Amino acid sequence: TVYAGGDDFLLIAPWEEGIEFAIDLQQKFNRFVGNNPNVTLSIGISLMRPRTPVPRAVEDADEKLDKAKNQGRGRLSLFETTESWSQIKSLVTFKDFLNQKIEEEEINMGFLYRMLLYHGLFMESEDGKIEGLKYHSLMNYDVRRNIEKKNKQGEVTNRETLEQLMRLYEIGNLDRPLMKNLKIPLFWTLYRNRGKERKRKEE
């Protein structure tokens with residue numbers, strides 16, 4: 001704890017422990033104030049390299065905190081994304097899904113990086129750029145070609161995985177809040193697993 005007083009605090013922590021602590025803190029704070037919607041907690045998290053000067057890290061965290069407050073308070077700003085706490089739970093659940101599939105080697109890091117590209121196209125489509133809509137077909141092709149698995153009888157054997165991913169691109173079944181905030185589960189999974197895939201290849 002660097003400081004904590006009044007209605008403000010500053011903490012320095014290992015990156016993943018810091019994120020998990022922030023989510024846990026918000027849940028406990030919410031219970032403490034009796035779920036009063038007029039008393040909110042906003043948090044900005046900045047991820048920095050170990051040798052980054054603390055003042056620089058604090059400045060970046062302050063900027064993210066301002067974004068959280070300016071977009072309605074009661075929000076978390078993380079991985080270039082600012083969202084209300086009510087949406088964070090589903091993003092953490094999707095992060096857990098991605099991490100599990102990485103560990104099971106059902107998806108790989110390359111696919112996660114391509115998902116960032118699809119997210120970018122989706123955001124363009126949300127801004128009214130028609131060409132961004134091609135992410136629907138691109139991601140569908142990617143999933144069918146690189147993720148879908150079939151047995152000798154031609155039956156899909158990983159349907160549960162496909163159903164989770166189809167929420168990101170299937171027209172009529174699109175989980176727009178998840179796609180909009182996809183950077184949080186994607187970056188979280190990428191950071192958590194960086195280096196592991198290289199180690200697997202070396203082994």
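Right, let's walk through the structure included here. (Residues numbered from 1 in each chain as written. Predicted model: local features only at pLDDT ≥ 70, side-chain atom pairs only at ≥ 80, totals over all residues. Heavy atoms only, no water.)

**Focus: the nonpolar core**
- Judged by nonpolar contacts, the single largest core of 43 residues is most densely connected at F94, L112 and M115.
- Broken down by secondary-structure element, the contributors of at least two residues to this core are α1 (15–32), β4 (75–78), α3 (85–103), α4 (109–126), α5 (135–146), α6 (159–166), α7 (176–180) and α8 (183–193).
- Discounting chain neighbours no more than four positions away, the residues touching F94 are M115, Q164, L165, R167, L168, L178, L182 and P185. (Core = buried A, V, L, I, M, F, W, Y, C linked by side-chain atoms within 4.5 Å. Buried < 20%, exposed > 50% of the residue type's maximum accessible area, 1.4 Å probe, protein only. Helix = DSSP H or I, 4+ residues; strand = E, 2+ residues; numbered from the N terminus. Contact = heavy atoms within 4.5 Å.)

**Here we look at α8**
- Most of α8 is tucked away: 9 of the 11 residues are buried.
- Among the residues of α8, those classed as buried are K183, I184, P185, L186, F187, W188, T189, L190 and N193.
- With its phi angle positive at about 90°, G195 sits one or two positions after the end of α8.

**What about the packing of α3 against α8?**
- Where α3 contacts α8, the axes come no closer than 8 Å and their chain directions differ by 40°. When the axes of α3 and α8 are compared, the pair comes out oblique. For the crossing formed where α3 meets α8, the hand is right-handed. Note on element contacts: α8 touches α3 through I184, P185, L186, W188, T189, R192 and N193, opposite I88, L91, V92, F94, K95, L98, N99 and I102.
- Looking at the contact of α3 with α8 residue by residue, the classes come out as 10 nonpolar, 3 polar and 2 charged. (Axes fitted to C-alpha atoms, helices over the stretch in contact; angles between N-to-C directions. Parallel < 35°, antiparallel > 145°, perpendicular 65-115°, else oblique. Left-handed = near helix turned anticlockwise from the far one by under 90°. Nonpolar A, V, L, I, M, F, W, Y, C, P; charged D, E, K, R; others polar.)

**Description of the packing of aromatic side chains**
- Under the defined criterion, the tally for this structure stands at 6 aromatic pairs.
- With 5.8 Å between their ring centres and 70° between their planes, W15 and Y191 make a pair best called edge-to-face. Of this pair, W15 sits in helix α1 while Y191 sits in helix α8, and the two are 176 residues apart along the sequence.
- We classify W15 as partly exposed; its relative accessible area is 24%.
- The ring of W188 has K95 sitting right over it, with the charged end atom 4.3 Å from the ring centre. (Phe/Tyr/Trp six-rings, centres within 6.5 Å; stacked < 30°, edge-to-face > 60°. Lys NZ or Arg CZ within 6 Å of the ring centre and 35° of its normal.)

**With respect to a nonpolar patch on the surface**
- Nonpolar side chains collect at one region of the surface, where V2, Y3, I12 and V54 lie side by side and expose about 370 Å² of accessible area between them.
- Inspection of the secondary structure assignment puts V54 in helix α2 (residues 54–70). (Patch = residues over 30% accessible without salt bridge, like charges linked within 9 Å, V, L, I, M, F, W, Y side chains within 5 Å. Areas by Shrake-Rupley, 256 points an atom, 1.4 Å probe, with all protein chains shown as cover. Salt bridge = Lys/Arg side-chain N within 4 Å of Asp/Glu carboxyl O.)

**Remarks on the side chain of K64**
- Within the fold, K64 resides in helix α2.
- When its relative accessible area of 18% is taken as the criterion, K64 is described as buried.
- Among the polar contacts made by the side chain of K64, one reaches the side chain of D60 at a distance of 2.7 Å.
- Ignoring any residue separated from it by four or fewer positions in sequence, one finds K64 in contact with G44, I45, S46 and S77. (Polar contact = N/O pair within 3.5 Å; in protein donor to acceptor, adjacent residues only side chain to side chain.)

**With respect to α1**
- Taking 1.5 Å per residue as the helical rise, α1 with its 18 residues ought to reach 26 Å, and the 25 Å between its terminal C-alpha atoms agrees with that figure.
- Taken together, the buried positions of α1 are E16, G18, I19, A22, I23 and Q26.
- The inward-facing, buried residues of α1 abut β3 (43–44), β4, α3 and α8.
- The positive-phi residue at the C-terminal boundary of α1 is G34, with phi of around 65°. (Expected span 1.5 Å × (residues − 1).)

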